[in-house]
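# Per-entry structural report
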2 protein chains.
Amino acid sequence: MIRFDIVSQGEELVSGSTVDTNSGWICQKLKERGFTAGRITVVGDELDEIRDALSEAAGRSRVVICTGGLGPTSDDLTTEAAGHAFDRPLAEDPTALAQVEERYLARNRPMPPANRKQAILPAGASLLENLWGTAPGYRLDVTTAAEPCHLYFLPGVPSEMKRMFEAHVLPDLASRFQLPPKRTLLFRCVGLAESEAAQRMASLVQPGVVVGYRANLPEIHVKLHLDPGVDEKPLIADTLERLGDYVFTVGGGPLAEVVGKRLEARGETVATAESCTAGRIGADITSVAGASAWYVGGAVVYANAEKVRQCGVEQTLLDAHGAVSEPVARALAEGIRTRTGATWGLSVTGIAGPGGGSAEKPVGTVHIAVAGPSGTVHRKIHVPFDRTRNLQMTTALALDLLRRQLG
Amino acid sequence: MIRFDIVSQGEELVSGSTVDTNSGWICQKLKERGFTAGRITVVGDELDEIRDALSEAAGRSRVVICTGGLGPTSDDLTTEAAGHAFDRPLAEDPTALAQVEERYLARNRPMPPANRKQAILPAGASLLENLWGTAPGYRLDVTTAAEPCHLYFLPGVPSEMKRMFEAHVLPDLASRFQLPPKRTLLFRCVGLAESEAAQRMASLVQPGVVVGYRANLPEIHVKLHLDPGVDEKPLIADTLERLGDYVFTVGGGPLAEVVGKRLEARGETVATAESCTAGRIGADITSVAGASAWYVGGAVVYANAEKVRQCGVEQTLLDAHGAVSEPVARALAEGIRTRTGATWGLSVTGIAGPGGGSAEKPVGTVHIAVAGPSGTVHRKIHVPFDRTRNLQMTTALALDLLRRQLG
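On a predicted model such as this, the values are computed, not experimentally measured, just so you know.

## A few points about the side chain of Asn-390 of chain B
Along the chain, Asn-390 of chain B turns up in helix H14 (residues 387–405). Those residues within four positions of Asn-390 of chain B in sequence are excluded, and the remaining contacts are Ala-352, Val-363, Val-383, Pro-384 and Phe-385 of chain B.

## Concerning the relation of the copies chain A and chain B
The two copies are related by a screw operation: chain A maps onto chain B through 179° of rotation and 0.6 Å of translation along the axis, at an RMSD of 0.8 Å. Expressed as a symmetry operation, the mapping of one chain copy onto the other fits a two-fold axis. Judged by C-alpha distance, Gly-279 of chain A is the residue of chain A that lies nearest the rotation axis, at 1.7 Å. A shared binding surface is used by both copies, with 100% of the interface residues of chain A retained as interface residues in chain B.

## Quick notes on the sheet that holds strand S12 (residues 247–250) of chain B
Residue and element names in this part refer to chain B. Pairing is antiparallel in the open sheet, where four strands are placed in the order S10-S11-S9-S12. Only two strands of the sheet have a single partner each, and these edge strands are strand S10 (209–216) and S12. Here the strands of the sheet are splayed against their neighbours by 20° on average, with no regard to which way each runs. Inspection of the sheet shows strand S9 (residues 183–190) paired to strand S11 (residues 219–226) by eight bridges, in the antiparallel sense.

## Details of helix H5 (residues 94–106) of chain A
Residues and elements named next belong to chain A. Taking 1.5 Å per residue as the helical rise, H5 with its 13 residues ought to reach 18 Å, and the 18 Å between its terminal C-alpha atoms agrees with that figure. Those residues of H5 not exposed but buried are Ala-96, Leu-97, Gln-99, Val-100, Arg-103 and Tyr-104. Looking straight down H5, one finds that the buried residues subtend no more than 160° of arc, so they occupy a single side. Opposite the buried face of H5, by more than 90 degrees, sit the exposed residues Pro-94, Leu-105 and Ala-106. In the core, the buried residues of H5 are packed alongside strand S4 (90–92), strand S5 (120–122) and strand S6 (126–128). Near the N-terminus of H5, the side chain that reaches the backbone nitrogen of Thr-95, with its oxygen 2.9 Å away, is that of Asp-93.

## Here we look at helix H9 (residues 255–266) of chain A
Residue and element names in this part refer to chain A. Its twelve residues place the ends of H9 17 Å apart at the C-alpha level, agreeing with the 16 Å of an ideal helix rising 1.5 Å per residue. Those residues of H9 that fall on the buried side of the exposure criterion are Leu-255, Ala-256, Val-258, Val-259, Gly-260 and Leu-263. One or two steps after H9, the chain reaches Gly-267, where phi turns positive at roughly 65°.

## Things to note about the pairing of strand S14 (residues 295–300) of chain A
All names here are of chain A. With six of its six residues buried, S14 lies for the most part within the structure. Two elements, strand S13 (residues 270–274) and S14, share five bridges in a ladder whose sense is parallel. The partner of Ala-273 across the bridge, within S14, is Ala-299. Handedness of the β-α-β unit built from S13, helix H10 (residues 280–285) and S14 comes out right-handed.

## Looking at a negative patch on the surface
There is a patch of like negative charges on the surface, built from Glu-11, Glu-12, Glu-46 and Asp-75 of chain A. With respect to the helices and strands, the residue Glu-46 of chain A is situated in the loop between strand S2 (36–43) and helix H3 (47–60).

## Section: the environment of Gly-282 of chain A
With respect to the helices, strands and loops of the structure, Gly-282 of chain A is situated in helix H10. Taking C-alpha positions, Gly-282 of chain A is 18 Å from Gly-372 of chain A, a pair spaced 90 residues apart along the chain. Those residues in contact with Gly-282 of chain A, other than ones at most four positions away along the chain, are Glu-274 and Tyr-295 of chain A together with Ala-278 of chain B.

## Here we look at the packing of aromatic side chains
Tallied over the full model, the rule gives eight aromatic pairs over all chains. Ring centres of Phe-35 of chain A and Phe-177 of chain A lie 5.8 Å apart, and the angle between their planes is 85°; this geometry places the pair in the edge-to-face category. Taken as a pair, Phe-35 of chain A in the loop between helix H2 (22–32) and S2 and Phe-177 of chain A in the loop between helix H6 (158–176) and strand S9 (183–190) lie far apart in primary sequence, 142 residues in all. Overall, the relative accessible area of 4% leaves Phe-35 of chain A in the buried class. Plain terms: the ring middles of Tyr-138 of chain B and Phe-153 of chain B are 4.7 Å apart, the flat faces sit at 25° to each other, and that makes the pair stacked. You can see Tyr-138 of chain B sitting in strand S7 (residues 137–143) and its partner Phe-153 of chain B sitting in strand S8 (residues 148–154), a full 15 residues away along the chain. Under the relative-accessibility criterion, Phe-153 of chain B is labelled buried at 0%. Lying over the aromatic face of Tyr-246 of chain A, Arg-404 of chain A brings its terminal NZ or CZ to 5.6 Å of the ring centre.

Conventions adopted
Residues numbered from 1 in each chain as written. Chains lettered and ligands numbered in written order. Predicted model: local features only at pLDDT ≥ 70, side-chain atom pairs only at ≥ 80, totals over all residues. Heavy atoms only, no water. Helix = DSSP H or I, 4+ residues; strand = E, 2+ residues; numbered from the N terminus. Contact = heavy atoms within 4.5 Å. Least-squares fit on C-alpha atoms with pLDDT ≥ 70 in both. Pairing = 2+ DSSP bridges. Axes fitted to C-alpha atoms, helices over the stretch in contact; angles between N-to-C directions. Expected span 1.5 Å × (residues − 1). Buried < 20%, exposed > 50% of the residue type's maximum accessible area, 1.4 Å probe, protein only. Arc of directions from axis to C-beta. Polar contact = N/O pair within 3.5 Å; in protein donor to acceptor, adjacent residues only side chain to side chain. Right-handed = clockwise from strand over helix to strand, strands pointing away. Patch = residues over 30% accessible without salt bridge, like charges linked within 9 Å, V, L, I, M, F, W, Y side chains within 5 Å. Areas by Shrake-Rupley, 256 points an atom, 1.4 Å probe, with all protein chains shown as cover. Salt bridge = Lys/Arg side-chain N within 4 Å of Asp/Glu carboxyl O. Lys, Arg positive; Asp, Glu negative; His and termini not counted. Charge placed at Lys NZ, Arg CZ, Asp CG, Glu CD. Phe/Tyr/Trp six-rings, centres within 6.5 Å; stacked < 30°, edge-to-face > 60°. Lys NZ or Arg CZ within 6 Å of the ring centre and 35° of its normal.

So this is what it looks like as structure tokens:
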């Protein structure tokens, strides 16, 4: 058991203006590699506080990941605090200075004098190059009460921190602690509850395989962490059989991207007719850059008059069945398909809540339809959350119904 | 200066499956009341770790807020850890037990035997009733090295924690430390940078008034915390003069709700024609429950052919100026207004990135138009972020252009 601590530095974290998302991400990465989480300590811009947090963490753990406080301004104090904590004089590191200058050169700008501070490191530090920002990171090996501790100092900006962690920290830890190489298989599911996924996977017990779950609504992620030598192929087949077609990708991107890639490969397009979701499906689709290759647009048919005008839904149909009904969902999907000339028409009509429900059609009742070259399919769902999450889940399940038509 | 610490307990927080949003929220609330943040310590389900975190926090701060670990299962260890940390024997509290039983009675269910554990408190604890869940909270007053420390134990579920914090902890702290009652004025702005807001407010210096800023993209929040006796009226007028019509509400709801209320009061409606935002404005509008009173729907005109078909944009206009242009934005707004019969037509066409830019129309170029009873207004903006944030900012600025037409 190798224990790690995290020290997360930033006044914005203790003033409540920013949520510390770095620490959880780091915990997950290190846990996947077999490390055991000790404490996360979050401190603001107080030199003594940072110093104490660093030396206490180093006294408790073999590995300490420190994020934040490596910037050029006077309230960036982490390096100074590390110097105090471990009795290391600070000095400008020429290689670090060259790297900071290089980042500015790459942007055709001279390095501001203040940034020179970012090249000052505690004695004995090993530089970790930052290719994604100006603050170099470093590793510091110290010996506390009993055991040696390796401290890794990284910038607090999440995008830079994550890249440096993957590029420098993980490989360094793997060689230092002789960790076996790990592979992770990620199964992304939609429409399946986390408890149901766990139940389906429960009897998959195999040495060298650790199964993890994560609800990332509207998705559920099932992860398999494999030791070296474990054969992926039968595991993937077994897992797919257990989770069924709730899995929309193994290791791939979000649902809209999966749908988009399939449509693009088939040379097909889709148009949307959204009532309750009111644009959320279009927004989700166009979060994929390049969606114009397979998405033409569509209609937001919030008012019933718009269902008639934009999709040619018959008023008699609305009168007979109500807007939230299978016939109207089908008519919307077929109408938008015909009018736009897209290969597929995707429609949604439902009651997102909190109001608008009835005994016959309670809040959460949603009808989805997909019209395509060989007819129209329909699905009635019930979403049980609040308005926001109901609409989010509906959006995912609508895209998923389309995915299931694409083979 | 009264210093506080937070101890946030939960295995899910150190395994990375849940982000600790409680601590930041608590920091903000206590900072607003004049307390100074010390450290946030996050620990998992290790008894000794929790015990140490609690006793160390109590040794550093006058106030410690502890969240999590008050549930009925065997891995809920906070109370046991508190007993160890402060040498307090644990005993079942009859009032606490009655409260847990009452929660179940209210749901017409018998209390499971396991939940009896939630009524066990450290000796000397003062009960804090939980009206929103089964885990009672409590306050524990201890004396460490020098000063007395007040520890507040609350459940980790954010909705319960927040309500108990507002109902019990804040009033208790206010009376204990004789805090003056505070009022907060919240000015919500859109289209103004945080630094610009701070610059405009800089010379507002007045005893009993503390100004705070928060970037909550696409919004900027400016908060005035007022001591008792400070007159609100001239301050509001002064602040509105400084921030100008970037303020869309003082103390009110989100932008879409403000727009909706104004439209509803005027008995008017709006329809949308979205190109790059592709439904995000419709989604934002319909995040307001009851939006059907003032929103009819509209068109997602992602492909140029849809701009022609759904809004009657002339192909010659598209050929001459391109889709991302003032004339096309105007034609979209006017087209959707005429076709839907809505009072207002709101349109957006732009380049969200990462691709699609040119020297003449770089990524981030967006044209917005609002067509109304007395003509059409247009605004060209440039959004400088990544695709996701560009579209988020564009959505807000589009709604804001409509707001500005509504007087």
